[in-house]
Amino acid sequence: MRMYGRYLVTLALLFTATTVVLAAYNQHRIDLYFSLYLIEYLVTTLLFAYLSRRARRLLNVMGYILFAGFLAIVGVKVATILLKTGLFS
Amino acid sequence: MKGVRYRYILLGLGLMVGGGLFALVAYLVIDYMPLAALGLAAVILGAISLGLGRTLPRVSVDAGQVLMQAGVDNVAALIEELGLRSRAVYLPASITGGVARALIPARVNPASPAIQRHLERRFIVHFGPGPEDFGLLVATPGSAALPLLGEPGTPSTAELEGALSTVLVGGLDLVDAVRVPGGGNTLKVELVRPVLSTTPHPAYAVLGSPLASVVATVAAEVLGRPVSVASENTDSRRHIIELRLQDEVKL
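Values in this document were obtained by computation on a predicted structure and should not be read as measured data. (Residues numbered from 1 in each chain as written. Chains lettered and ligands numbered in written order. Predicted model: local features only at pLDDT ≥ 70, side-chain atom pairs only at ≥ 80, totals over all residues.)

Colleague: Can you walk me through the nonpolar core in this structure?
Modeller: As a rule of thumb, soluble globular proteins bury nonpolar side chains together. One finds Leu 164, Leu 168, Val 215 and Ala 219 of chain B to be the most contacted residues of the largest nonpolar core, which totals 52 residues. Looking at this core, the element that brings in the most residues is helix 7 (residues 210-223) of chain B, giving 10 residues. Aside from chain neighbours lying at most four places away, what touches Leu 164 of chain B is Val 178, Val 180, Val 189, Val 215 and Val 218 of chain B. Ranked by size, the runner-up nonpolar core spans 27 residues in total, among them Leu 11 and Leu 51 of chain A together with Leu 38 and Leu 45 of chain B. (Core = buried A, V, L, I, M, F, W, Y, C linked by C-beta atoms within 7 Å. Buried ≥ 20, exposed ≤ 12 C-beta atoms within 10 Å, placed from the backbone. Helix = DSSP H or I, 4+ residues; strand = E, 2+ residues; numbered from the N terminus. Contact = placed C-beta atoms within 7 Å.)

Structure follows, in structure tokens:
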């Protein structure tokens, strides 16, 4: 339980820091924010190696969901580029 | 513990709803992406908190300690009645028929008891060649914690540190960190900020405290050798347990 608290606080700090830094650099692409959140999530989850088996299972599922979101963003980007090139027109 | 579970679940729901609304307003009304991203981050954190809240154990450490008390009292009564004075030897499951147990030799012997056979799953066992090599084979708090460990790897102190962290930090959440510096036949295990109180109890003189019992059971299982608790010291932040490793049992 103490470990869960530390895990959530670490993620919250990382997400906030990322948002502040990217906002300071005037970044307005939500996909960039999401991609960095995903990387931070995966790295933090990896570093908290001793979470219980049940928690790890849940976090793995969460990782798959976030990764699916990332793939959707990539898919939209690819589709936009392909449409712009006029390949399907 | 129910309160803590609800706290995580409520925090999760609050973050998801609040973060979602915040993201929508930032995206549709203010049209400012960093704030929308912050809302998205809150939704992700909320989902994690909600999920983690559901994986929390239903029984608190205090409740677990109360439930364990009767068992410890019974073992203490047995030890006192039988006049046992020897330190318990924690044995790997391979010697005790699949379930890790601690052997309390009936005879006080300065040398470690020489275990020369697979021990039967009985309460009173004959473990050596001599007619006086009898002892009690008891389950300990560590025996019950062992399923959290999974399959141990190659016997080493690094593996032991990992296994103890898996059980005590991740599985039971009883300490903040575990360190096993050095090696050899005497191992020092350092538990950082333990939450279990170690109020003296007559059973602890033979078995060690519940924390020491879990540490010794895991050590016996990971290293594949009988282990006994040589000493325990507690200061404000740390609980230091010294384990004595015995020679590997050749059966």
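Colleague: Looking at this model, I keep getting lost on the sheet that holds strand 1 (residues 89-91) of chain B. Mind explaining?
Modeller: Through backbone hydrogen bonds, the strands of a sheet pair up, either in parallel or in antiparallel fashion. Residues and elements named next belong to chain B. Reading across the sheet, the eight strands line up as 3-4-2-1-7-8-6-5 and stay open at both edges, with antiparallel pairing between neighbours. Every interior strand has two partners, whereas the edge strands, strand 3 (124-126) and strand 5 (177-179), have only one. This sheet shows a mean twist of 35° between the axes of neighbouring strands, independent of strand direction. In the sheet, strand 7 (residues 227-234) pairs with strand 8 (residues 238-245) via seven bridges, with the strands oriented antiparallel. Its bridge partner lying in strand 8, Ser 231 is registered against Glu 242. Packing against the sheet, helix 5 (residues 157-171) makes contact with strand 5 and strand 6 (186-192), and its axis sits at approximately 160° to strand 5. Along the sheet face, helix 7 touches strand 1, strand 6, strand 7 and strand 8 and points at about 40° away from the line of strand 8. (Pairing = 2+ DSSP bridges. Axes fitted to C-alpha atoms, helices over the stretch in contact; angles between N-to-C directions.)

Colleague: Is there a simple way to think about the interface of chain A and chain B in this case?
Modeller: Many structure descriptions define interface size as the accessible area lost when the parts assemble. With 24 residues of chain A at the contact, the number on the chain B side is 25 residues. Contributing elements (two or more residues each) for the side of chain A that touches chain B: helix 1 (2-24), helix 2 (30-47) and helix 3 (53-85) of chain A. For the side of chain A that touches chain B, the element with the most residues is helix 1 of chain A, which contributes 10 residues.

Colleague: Help me understand the domain arrangement of chain B, please; the structure alone is not making it clear to me.
Modeller: Domains assigned within chain B are domain 1 (2-55) and domain 2 (62-138). Placing a centre on the C-alpha atoms of domain 1 of chain B and another on those of domain 2 of chain B gives a separation of 52 Å. (Domains from an automatic or database assignment.)

Colleague: Explain the packing of helix 1 of chain A against helix 2 of chain A here, please?
Modeller: A pair of packed helices can be characterised by two numbers: the angle between their axes and the separation between those axes. All names here are of chain A. At their nearest, the axes of helix 1 and helix 2 sit 10 Å apart, and the two run at 150° to each other. Comparing their axes, helix 2 and helix 1 come out roughly antiparallel. Taken as a pair, helix 1 and helix 2 cross one another with a handedness that is right-handed. Here helix 1 contributes Tyr 7, Thr 10, Leu 11, Leu 14, Phe 15, Thr 18, Thr 19 and Leu 22 to the contact with helix 2, which in turn contributes Leu 32, Tyr 33, Leu 36, Tyr 37, Glu 40, Tyr 41 and Thr 44. In terms of residue class, the contact of helix 1 with helix 2 is made up of 10 nonpolar, four polar and one charged. (Parallel < 35°, antiparallel > 145°, perpendicular 65-115°, else oblique. Left-handed = near helix turned anticlockwise from the far one by under 90°. Nonpolar A, V, L, I, M, F, W, Y, C, P; charged D, E, K, R; others polar.)

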